[in-house]
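# Summary of the model geometry
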Amino acid sequence: MEKKLHTFFKSGLLDKYILDDISASDRLKVEHYIDTYQEVKSEYLKLQDHLQILAQVDAVETPKFILDQILNEVNEDATAIIQMETLHRKTPWYSIAASIIALLFAGASYMMYQQNNELRNENQVVVDEIFDLRSDIEINNQKLDDVMRQFMKLNNPETEKYVFRGNARAKNLKTVAYINAVEKTSMIDVVSLPQLGEDQFYEVWAQMEEDLVSLGVIDPSERKMQNLPYLENALGLSIRIGSKKDNKTNINDEPVAEIELKSRNN
């Protein structure tokens, strides 16, 4: 095991993991080592502490007035040197050294200032990406929750399944209705619907004891479970073709598919 850990530490994968510069497969490998080996976990925590300390040190922004003061002093020293050379006077070595040191310090301060800005921008990008990721996770969790709710409804022992099969007018029509008389829910799953003209649509109707009641239009583009209104005393359901020209369905026309509902007393 020591040889295995030595090879792992030597690979540098832990450093890349800390810096988030690692492939998905290597990330899984590193996380496995962290969870499995205490030595790797300890090294990981130590590297995290070092990274936080470095970030805090780099995050200290050089006060602007210090940088301006240094630049002013450099300009004054440079002007003095030029004037002294013009007058052919001998420049003391310590003045030249002070000017060089001031220039180096000003350059280092400017570099720290630039690095601090870059680090701040990179941190903001990371924060934005985290917020986007959290938003995606919440959306996916909501979708998963909706799917689980539908799955629970479909697998409820009280839920009855009815299959619509099209007649000669719509041979390829196939949809499935799920009706729960206890929870009073009704859903329809569009499996396949024959293509209609641009001025036509499919509409679901409930057969009551004395008349027909519309339950709404089926959207053929929605390849997922669609909710339907639940009617307590419906005797059956039918799918009929309506016309967009007069925005209605001819209920006297023959349905393209129909089912008879089971009585709750049966």
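All of the points below concern the structure found in this document. Since this is a predicted model, take the numbers as computed values, not measurements.

The subject of this paragraph is the overall build of the protein chain. When its secondary structure is counted, the protein chain shows six helices and nine strands. Across the 266 residues that make up the protein chain, the buried fraction comes to 27%. Contacts in the protein chain between residues far apart in sequence, at least 24 positions, make up 58% of those at least 6 positions apart.

With that out of the way, let us pick up the sheet that holds strand β2 (residues 174-180). Pairing in this open sheet of four strands is antiparallel, and the strands run β1-β2-β3-β6 from one edge to the other. The sheet terminates laterally at β1 (159-165) and β6 (225-228), the two strands that pair on one side only. Between one strand and the next, the sheet's axes are offset by a mean angle of 25°, whatever the strand orientation.

Looking now at the nonpolar core. Phe-164, Leu-173, Tyr-202, Ile-218, Leu-237 and Ile-239 are the most contacted members of the largest nonpolar core, which totals 24 residues. Mapped onto this core, the elements with two or more residues apiece are β1, β2, β3 (185-192), β4 (200-207), β5 (212-218), β7 (236-243) and β9 (257-260). With residues near it in sequence (within four places) discarded, Leu-173 still touches Phe-164, Arg-165, Gly-166, Ser-192, Leu-193, Pro-194, Tyr-202, Ile-239, Val-256 and Ala-257. In terms of nonpolar packing, the next biggest core, distinct from the first, is built from 14 residues, Leu-14, Tyr-17, Tyr-37 and Leu-47 among them.

Time to look at the packing of aromatic side chains. Enumeration according to the criterion identifies four aromatic pairs in this entry. For the ring pair Tyr-33 and Tyr-37, a centre distance of 5.2 Å and an interplane angle of 45° mean the geometry is tilted. Here Tyr-37 falls in the buried class, since its relative accessible area comes to 12%.

The next subject is a negative patch on the surface. A cluster of acidic residues, Asp-128, Glu-129, Asp-132 and Asp-136, forms a negative patch at the surface. If you trace the backbone, Glu-129 turns up in helix α6 (residues 93-154). Since its relative accessible area comes to 51%, Glu-129 is described here as exposed.

We now examine the pairing of β5. Summarising the sheet, β4 and β5 pair through six bridges and their orientation is antiparallel. Among the inter-strand pairings, Trp-205 is bridged to a residue of β5, identified as Ser-214. The turn linking β4 back onto β5 is made up of four residues.

About the thresholds
- Every chain's residues receive numbers from 1 upward, in the order its sequence appears when written.
- A pLDDT threshold of at least 70 governs which residues receive local features in this predicted model, and a stricter bar of 80 or more applies before side-chain atom pairs are shown or counted, although totals over entire chains, interfaces and linings include all residues.
- Only hydrogens and water are set aside when side-chain values are computed; all heavy atoms of the structure are taken into account.
- Under the scheme used here, helices are H or I runs from DSSP no shorter than 4 residues and strands are E runs no shorter than 2 residues, and both carry numbers assigned from the N terminus.
- A 1.4 Å probe rolled over the protein chains alone gives each residue an accessible area, and that area as a share of the maximum for its type sets the label: buried under 20%, exposed over 50%, partly exposed in between.
- Whether two residues are in contact is decided by their heavy atoms: any pair within 4.5 Å suffices.
- The rule for pairing is simple: two strands pair if DSSP sees at least two bridges between them.
- Structural elements are reduced to axes, namely lines fitted to C-alpha atoms, with helices fitted over the stretch in contact, and the angle between N-to-C directions of any two is expressed from 0 to 180 degrees.
- The term nonpolar core refers to a set of buried residues drawn from Ala, Val, Leu, Ile, Met, Phe, Trp, Tyr and Cys, joined through side-chain atoms within 4.5 Å.
- In summary, the pairing rule links any two rings of Phe, Tyr or Trp, Trp by its six-membered ring, whose centres are within 6.5 Å, and it sorts them by plane angle into stacked for under 30 degrees, edge-to-face for over 60 and tilted for everything else.
- Any residue with relative accessible area above 30% and no salt bridge may belong to a patch, with like charges joined within 9 Å and the nonpolar Val, Leu, Ile, Met, Phe, Trp and Tyr side chains within 5 Å.
- Here the accessible surface of atoms and residues is derived via Shrake-Rupley with a 1.4 Å probe, and residues count as covered only by protein chains that are part of the display.
- Here, a salt bridge means any side-chain nitrogen of Lys or Arg that lies within 4 Å of a carboxyl oxygen of Asp or Glu.
- Within this scheme the basic residues Lys and Arg register as positive and the acidic residues Asp and Glu register as negative, but His and the chain ends are omitted.
- To locate a charge, take NZ of a lysine, CZ of an arginine, CG of an aspartate or CD of a glutamate.

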